[in-house]
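Coordinate analysis (summary)
Now for the letters of each chain:
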Amino acid sequence: MAKDNVWDMTLKRLDDTMTILDLKPGIIKYLKEPRKVVEVAVVVKMDNGDIDIFKGYRVQHNTNRGPAKGGIRYHQDVTLDEIKALAMLMTWKCSLTGLPFGGAKGGVAVDPTLLSERELENLTRRYTYELIPLIGPEKDIPAPDVGTNAKIMAWIMDTYSIAKGYIVPGVVTGKPIELGGSQGREEATSRGAVCTIQAALKILKINPSNLTVVIQGFGNVGGNAAKVFFDQGFKIIAISDISGAIRNDKGIDPYKLSEYVSVNKTIAGYSEAEAIDPSELFKIKCDILFPAALENQITKDNAPYINAKILAEGANAPTTPEADPILKDNGVFVIPDILCNSGGVIVSYFEWVQSNIAYFWSKREVNLQLRDIMEKAFYETYNFSLARNLDMRKAAMALAVNKVANAMKLRGVYP
Amino acid sequence: MLRKIECFIQPTELDKIKDVLFEEGVEGMSLSEVQGFGQQRGYTNGGKINKQVEFLPKIKLEMVVEEEIVDNVIKKIVNLAKTGKIGSGKIFVIPVEDVIRIRTEELGENTIL
């Protein structure tokens, strides 16, 4: 997969948006440039006594609307270009949903599955230490992403707090509940996605019973989404992960599947579904296709075969710009990533608020507030797309970019 | 936190709903026979929806419960009250500022246990 072009692809999306908005060239130039880019050498003493060095990054794309916010990714293929692109996407996501945040992203080029628990902790603490001047509850707030989880967030919080001399729970979100994490954070992305899917069903006048879903990915987003969809009464007919893909037209029970995965690590060999070629996954006829893996999965090559009514982008940037017009021509309704998967950062925002004021909300409260923001963002985007005759992605991008540009104009340029 | 669940449903399966909700931890509820219309415009199945509005008999159930069980209570009501057709009804969830049991003057959560 040509991962290196994800930055070019994100810039292209921004250029496409600029043709809709009436912005001066200087502002366009400004929005393309990340505000801060930091590269660090993460030195780790390995269990065998040897020293290894991993490349770590943190990019703050924009802080006009608030402190920078974005996940930290541990993955062997992490590159600076990818982190820059994802940081920019975070800016648009926070802006579209109206959160008072800018966008950031971080990552370490490491395969976390090859590290021992101690090595992983040391890597996290060393990386955090290097970022201390950059992060903080009023500056830049990391969160989990691919390859990171609540435990890693707890180590980041601890390292930062030790350096400061007092506990700072607001420095990071996605923490364990015991350390000030929010109720409902784990499944926030999937819950938010379901809100947008339900709104899409309403406007497309699709009967919300007996819906079929195909999910790419069975990690934090895909796995949780499968459970949320299942509880909602949707029928999951196919799922894939890194090991392959499985299909059962009678429906797959994600609770049983995740028990299987907790023992066997992958979905391969699961007996209550038939193994299929992963390249067939996107061709399956379904109501909702939910990519929840990495970037650049839906391309001009496989887009013509997609047979779904709704493409709900659980992952970031799963669709390449060349695939967009193909999906449009085939009548696939796209709920773009910056709208569809923004539930994660919305509940992260709730967690940051709760951590900063040292108060906590009930799970129901979190879920209701999440739904409120998701529905508002969906209908704002949809109405704008109708008013300006745009597809959902262009509408979402235009709204998001415009809010950032306005914030920039209001603040002016210092000095 | 206490929440009031107020639902308007078709007058069917009431005994079942009562027992199922009791099992979910609903310690008390009120039932009233009411008349109303919604999207259905008062027309029963088969009738065409038009601008003219008619009242139809409905059942109103009201109960006050702890927030933690609200989602489960809703799920149970939906399962039993869903007719699959227009006019199955609606459920409203309302925050309750306080509750007072008159006999004992108990307050809040103590009144619903």
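Cut-offs and rules
Residues numbered from 1 in each chain as written. Chains lettered and ligands numbered in written order. Predicted model: local features only at pLDDT ≥ 70, side-chain atom pairs only at ≥ 80, totals over all residues. Heavy atoms only, no water. Helix = DSSP H or I, 4+ residues; strand = E, 2+ residues; numbered from the N terminus. Rg over C-alpha atoms; globule rule 2.2 N^0.38 Å. Buried < 20%, exposed > 50% of the residue type's maximum accessible area, 1.4 Å probe, protein only. Lys, Arg positive; Asp, Glu negative; His and termini not counted. Charge placed at Lys NZ, Arg CZ, Asp CG, Glu CD. 1 Å grid on protein atoms, 1.4 Å probe; cavity = no way out; pocket = protein on both sides within 12 Å on 5 of 7 lines; lining within 4 Å. Points joined across faces, edges and corners; volume = space filled by probe spheres on them. Disulfide = S-S within 2.5 Å. Pairing = 2+ DSSP bridges. Axes fitted to C-alpha atoms, helices over the stretch in contact; angles between N-to-C directions. Contact = heavy atoms within 4.5 Å. pLDDT = per-residue confidence, 0-100. Salt bridge = Lys/Arg side-chain N within 4 Å of Asp/Glu carboxyl O. Phe/Tyr/Trp six-rings, centres within 6.5 Å; stacked < 30°, edge-to-face > 60°.

**A few points about the overall build of chain A**
Along the backbone of chain A there are 13 helices and twelve strands. Relative to the globule expectation of 22 Å for 415 residues, the C-alpha radius of gyration of chain A, 20 Å, shows essentially globular dimensions. Burial statistics for chain A: of 415 residues in total, 59% are counted as buried. Positive and negative charge centroids in chain A, built from 49 and 48 side chains respectively, lie 6 Å apart.

**Overview of empty space enclosed by the protein**
All names here are of chain A. On inspection of all chains with the given rule, the structure shows one cavity of 30 Å³ or more. Quantified by volume, the largest cavity comes out at close to 90 Å³. Residue lining of the largest cavity: Met9, Thr10, Arg13, Leu89, Trp92, Ala317, Pro336, Asp337, Ile338, Arg393 and Met397, and that is the complete set. Those elements giving two or more residues to the lining of the largest cavity turn out to be helix 1 (6–18), helix 3 (80–96), helix 10 (337–340) and helix 13 (392–411).

**As for the state of the cysteines**
In a disulfide, the sulfur atoms of two cysteines are covalently bonded to one another. Applying the stated rule across the entire model yields zero disulfides over all chains. Between Cys286 of chain A, a free cysteine, and Cys340 of chain A, which holds the nearest cysteine sulfur, the sulfur-to-sulfur gap is 14 Å.

**Focus: the sheet that holds strand 4 (residues 89–95) of chain B**
All names here are of chain B. The strand order across the open sheet built from four strands is 2-3-1-4, with neighbouring strands paired in antiparallel fashion. Two strands bound the open sheet, and with one partner strand each, they are strand 2 (30–36) and strand 4. When strand polarity is set aside, the average angle formed by the axes of neighbouring strands in this sheet is 25°. Strand direction decides the pairing type here: strand 1 (residues 2–9) and strand 4, joined by seven bridges, are antiparallel. Bridging from a neighbouring strand, Glu6 pairs with Phe92 of strand 4. On the sheet, helix 2 (residues 67–81) packs against strand 1, strand 3 (56–66) and strand 4 and is oriented at approximately 155° with respect to strand 3.

**A closer look at the sheet that holds strand 5 (residues 140–144) of chain A**
All names here are of chain A. Here five strands make up an open sheet; going across it, the order is 1-2-4-3-5 and the pairing mixed. Two strands lie at the open edges of the sheet, namely strand 1 (36–45) and strand 5, each paired on one side alone. Averaged over neighbouring strand pairs, the angle between their axes works out to 20° when direction is ignored. The sheet contact formed by strand 3 (residues 68–74) and strand 5 spans five bridges and is parallel. Bridge pairing links Gly71 to Ala143 in strand 5. Here helix 3 sits on the sheet and contacts strand 1, strand 2 (51–62), strand 3 and strand 4 (102–108); the angle it forms with strand 4, its principal contact strand, is near 150°.

**Observations concerning unusual backbone geometry**
Residues and elements named next belong to chain A. In this structure, Pro415 follows Tyr414 across a cis peptide bond, with omega equal to 5°. Within the element layout of this structure, Pro415 appears in the segment after helix 13. Within the chain, Asn296 stands out as a residue other than glycine whose phi angle is a positive 55°. Note that Asn296 resides in the loop between strand 10 (286–291) and strand 11 (308–312). Here the phi dihedral of Asn389 falls at roughly 55°; this positive angle occurs in a residue that is not glycine.

**Describing the confidence of the model for chain B**
All names here are of chain B. Per-residue pLDDT for chain B averages 88, and the proportion of residues at 70 or more is 90%. Ranking the elements of chain B by mean pLDDT puts helix 1 (residues 14–24) last, at 90, and strand 4 first, at 96. Here the complex is predicted with pTM 0.92, and the ipTM for its interfaces comes to 0.80.

**Remarks on the pattern of salt bridges**
When charged atoms on two side chains of opposite charge get close, those side chains can pair. All names here are of chain A. Tallied over the entire structure, the rule returns 33 salt bridges over all chains. The shortest N-O distance in the salt bridge between Glu187 and Lys363 comes to 3.1 Å. In this pair, Glu187 is assigned in the loop between helix 5 (150–164) and helix 6 (188–204) and Lys363 in helix 12 (residues 363–388), connecting sequence segments 176 residues apart. For Glu187, a relative accessible area of 15% gives the class buried. Overall, Lys363 belongs to the partly exposed group, its relative accessible area being 39%.

**Side note on the packing of aromatic side chains**
One pass over the full model with this rule turns up 15 aromatic pairs over all chains. Aromatic rings pair up to connect Phe101, Tyr349, Phe350, Trp352 and Trp361 of chain A into one cluster.

**Quick look at the pairing of strand 10 of chain A**
Residues and elements named next belong to chain A. For strand 10, a buried count of six out of six residues is recorded, marking the element as mostly surrounded by other parts of the structure. Where strand 6 (residues 212–216) meets strand 10, four bridges bridge the pair, whose relative direction is parallel. Counterpart to Gln216 in the pairing with strand 10 is Pro291. Pairing between strand 10 and strand 11: three bridges, direction parallel. Each bridged residue has a counterpart across the sheet, and for Cys286 the counterpart in strand 11 is Ala308.

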